[in-house]
Amino acid sequence: VQLQASGGGLVQAGGSLRLSCAASGSIFAINTMRWYRQAPGKQRELVAAITSGGFSTYASSVKGRFTISRENAKNTAYLQMNGLNPEDTAVYYCNADLRPSGRTWSEYWGQGTQVTVSS
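One numbering rule holds for all chains: residues counted from 1, following each sequence as written. Reporting of local features is limited, given that this is a predicted model, to residues whose pLDDT is at least 70; pairs of side-chain atoms are given and counted only at 80 or more, and all residues count toward the totals for whole chains, interfaces and linings. Hydrogens and water are ignored here; the side-chain numbers use all heavy atoms of the structure.

### Some remarks on the pairing of strand S10 (residues 106-109)
Part 1: We treat two strands as partners when DSSP finds at least two bridges between them. What counts as a helix is a DSSP run of H or I of at least four residues, what counts as a strand is a run of E of at least two, and both are numbered from the N terminus. Where strand S9 (residues 90-100) and S10 come together, four bridges link them in antiparallel fashion. Residue Leu98 lies in a different strand from S10, and its bridge partner there is Ser106.
Part 2: Hairpin geometry of S9 and S10 is characterised by an intervening segment of five residues between the two adjacent antiparallel strands and by a positive phi of about 75° at Gly102.

### Overview of the nonpolar core
Part 1: Residues belong to a common nonpolar core when they are buried Ala, Val, Leu, Ile, Met, Phe, Trp, Tyr or Cys residues joined through side-chain atoms within 4.5 Å. Residue exposure (1.4 Å probe, protein chains only): buried if accessible area is under 20% of the type maximum, exposed if over 50%, otherwise partly exposed. Judged by nonpolar contacts, the single largest core of 31 residues is most densely connected at Leu3, Trp35, Val47, Phe66, Leu79, Met81 and Tyr92.
Part 2: Those elements that place two or more of their residues in this core are strand S1 (2-6), strand S3 (17-24), strand S4 (27-38), strand S5 (45-50), strand S7 (66-71), strand S8 (76-81), S9 and strand S11 (113-118).
Part 3: Sorting elements by how many residues they give to this core places S9 first, with five residues.

### Details of unusual backbone geometry
Part 1: Even without being glycine, Asn75 reaches a positive phi, approximately 50°.
Part 2: Within the fold, Asn75 resides in the loop between S7 and S8.
Part 3: Judged by relative accessible area, which is 24%, Asn75 ranks as partly exposed.

### Here we look at the pattern of salt bridges
Part 1: One speaks of a salt bridge when a side-chain nitrogen belonging to Lys or Arg is within 4 Å of a carboxyl oxygen belonging to Asp or Glu. Under the counting rule described, the total for this entry stands at five salt bridges.
Part 2: Of the charged contacts, one joins Lys74 and Glu71 as a salt bridge, the two residues approaching to 3.8 Å between their closest N and O atoms.
Part 3: Accessibility expressed as a relative area gives 52% for Lys74, which makes it exposed.
Part 4: A residue is classified by how much of its surface remains accessible, and Glu71, at 32% relative accessible area, is partly exposed.
Part 5: Look at the salt bridges and you will find they share partners, linking Arg37, Glu45, Arg65 and Asp88 into a network.

Written out as C-alpha cells, the structure is:
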C-alpha cells in the first residue's frame, strides 16, 4: 500500500494548482485523508483534512483559497489551490488513515510534491 502525491509545480502568485493523492494496493478502507506542507526551516503543518463522509477542515491560512475533496471509488484525494502566494511555497505531503486488506488501521504518508509560488 502506498500514497502517491502529484500535481506540484511552479506557479506565479495568484495562480492555481491542483494536487492529487492516490492510494494504491490492497486497501480495505480509508478514513480521513489529509494534506500537510512543510516550508524550508519550518515545521510541517496541517493544511486540510477530509473524512470519508466528506467533512472537511482547513488551516486558517488557506481557508477560502484551498478546497480539499476526494473520490472514494478511486481512493484519491485532491487539493485545489487558488490564489496562491509565495507563503504557500512548500513541499506538500498527503496523509491518510488507511486499513489495508487483512491488516489493522495505520497512518500512511505520500512522498511529497513541491509547490513553488513566485512573486
